[in-house]
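One letter stands for each residue in the lines below.
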Amino acid sequence: MRVAIAEDSALLRAGMARLLADEGIEVVASLSDTTGVLEMVRTTRPHVVIMDVRMPPTFTDEGIRAALEIQKLGTGTAVLLLSQYVEPTYAEELVRDAPAGTGYLLKQRVGDFEEFLSALHRVGRGETVLDSDIFKQFVGSPREKRATELLTPRERQVLELMATGLTNSGIVNRLGISERAVEKHVTSILGKLRIPNSGENHRRVLAVLEYLRGMERLKDRSD
């Protein structure tokens, strides 16, 4: 695998490069901002670009904007975004029409290198990976209770695991239930959330995002 890193923290950038190199992953570029990211992708064609969401000069959404432009290039380069905070709106914008692998993780996941490496490889294979905390942030508050009543407790468990990018087989292993039961739960979730049939991988991601949007709307009304 060949990757590029765009991260304004020199320490984190160097640390990731060293860890990836130790795993036999080639780091073809290391950038401190998004300037030149598109040209770098055109010339080096990395399999994955690992990029911070908030980059110079404004430290708002430079990484998101650059990721969307990378997706438009049509090079097949996947994007794994890292963020200090859980920002579901950014995650939705990134994955909704993504033509290649896409991931959105909290920066703390880099500390659990095995988890980070797993997400990197899955994104490199064209999968979509969302940080589980994007889901957990919302379901823990009492004011979102009405929204969670839309799904059964088991369906919420399955949906959370879907958010992390697990396949049906992965959910089977995690929950210790049959594959038929998982299929039934997934079908029920997609039906309750009225997710259109637009490709299995994206349907699962859209289910998570639709659920989060519903909970955000309830939160806004309660505020």
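Our subject is the structure that appears above.
Residues numbered from 1 in each chain as written. Predicted model: local features only at pLDDT ≥ 70, side-chain atom pairs only at ≥ 80, totals over all residues. Heavy atoms only, no water.

Draft legend 1. Expanded view of the packing of helix α8 (residues 153-163) against helix α9 (residues 168-175). Running from N to C, α8 and α9 point in directions that differ by 125°, and their axes come no closer than 10 Å. Considered as vectors, α8 and α9 are oriented oblique to each other. For the crossing formed where α8 meets α9, the hand is right-handed. Along its contact with α8, which presents R154, Q157, V158, L161 and M162, the element α9 presents I171, R174 and L175. Across the contact of α8 with α9, the residue classes break down as 5 nonpolar, 1 polar and 2 charged. (Axes fitted to C-alpha atoms, helices over the stretch in contact; angles between N-to-C directions. Helix = DSSP H or I, 4+ residues; strand = E, 2+ residues; numbered from the N terminus. Parallel < 35°, antiparallel > 145°, perpendicular 65-115°, else oblique. Left-handed = near helix turned anticlockwise from the far one by under 90°. Contact = heavy atoms within 4.5 Å. Nonpolar A, V, L, I, M, F, W, Y, C, P; charged D, E, K, R; others polar.)

Draft legend 2. Looking closely at the packing of aromatic side chains. By the definition in use, this model includes 1 aromatic pair. Between F113 and F116 the ring centres are 6.0 Å apart and the planes differ by 40°, which places this aromatic pair in the tilted class. Taken together, the residues F113 and F116, both in helix α5 (residues 113-124) and 3 residues apart, mark about one turn of the helix. Note on accessibility: F113 and F116 belong to one class, buried. (Phe/Tyr/Trp six-rings, centres within 6.5 Å; stacked < 30°, edge-to-face > 60°. Buried < 20%, exposed > 50% of the residue type's maximum accessible area, 1.4 Å probe, protein only.)

Draft legend 3. Quick peek at the nonpolar core. Among the nonpolar cores identified, the biggest contains 22 residues, and M40, M51, L81 and Y104 are the most heavily contacted of them. At the level of elements, β1 (2-6), β2 (26-31), α2 (37-44), β3 (48-52), α3 (62-73), β4 (78-83) and α4 (88-95) are the ones that each hand at least two residues to this core. Broken down by element, this core gets its largest block of residues, 5 residues, from α3. Not counting residues within four places of it along the chain, the set of residues in contact with M40 comprises A4, A29, L31, R45, P46 and V49. In terms of nonpolar packing, the next biggest core, distinct from the first, is built from 20 residues, V48, F116, A119 and V129 among them. (Core = buried A, V, L, I, M, F, W, Y, C linked by side-chain atoms within 4.5 Å.)

Draft legend 4. How the structure looks around the pattern of salt bridges. Under the defined criterion, the tally for this structure stands at 11 salt bridges. The salt bridge partner of D131 is R109, with a shortest N-O separation of 2.7 Å. Remark: R109 occurs in the loop between β5 (102-106) and α5 and D131 occurs in the loop between β6 (128-130) and α6 (132-139); sequence separation between them is 22 residues. Like D131, the residue R109 is buried in the burial classification. (Salt bridge = Lys/Arg side-chain N within 4 Å of Asp/Glu carboxyl O.)

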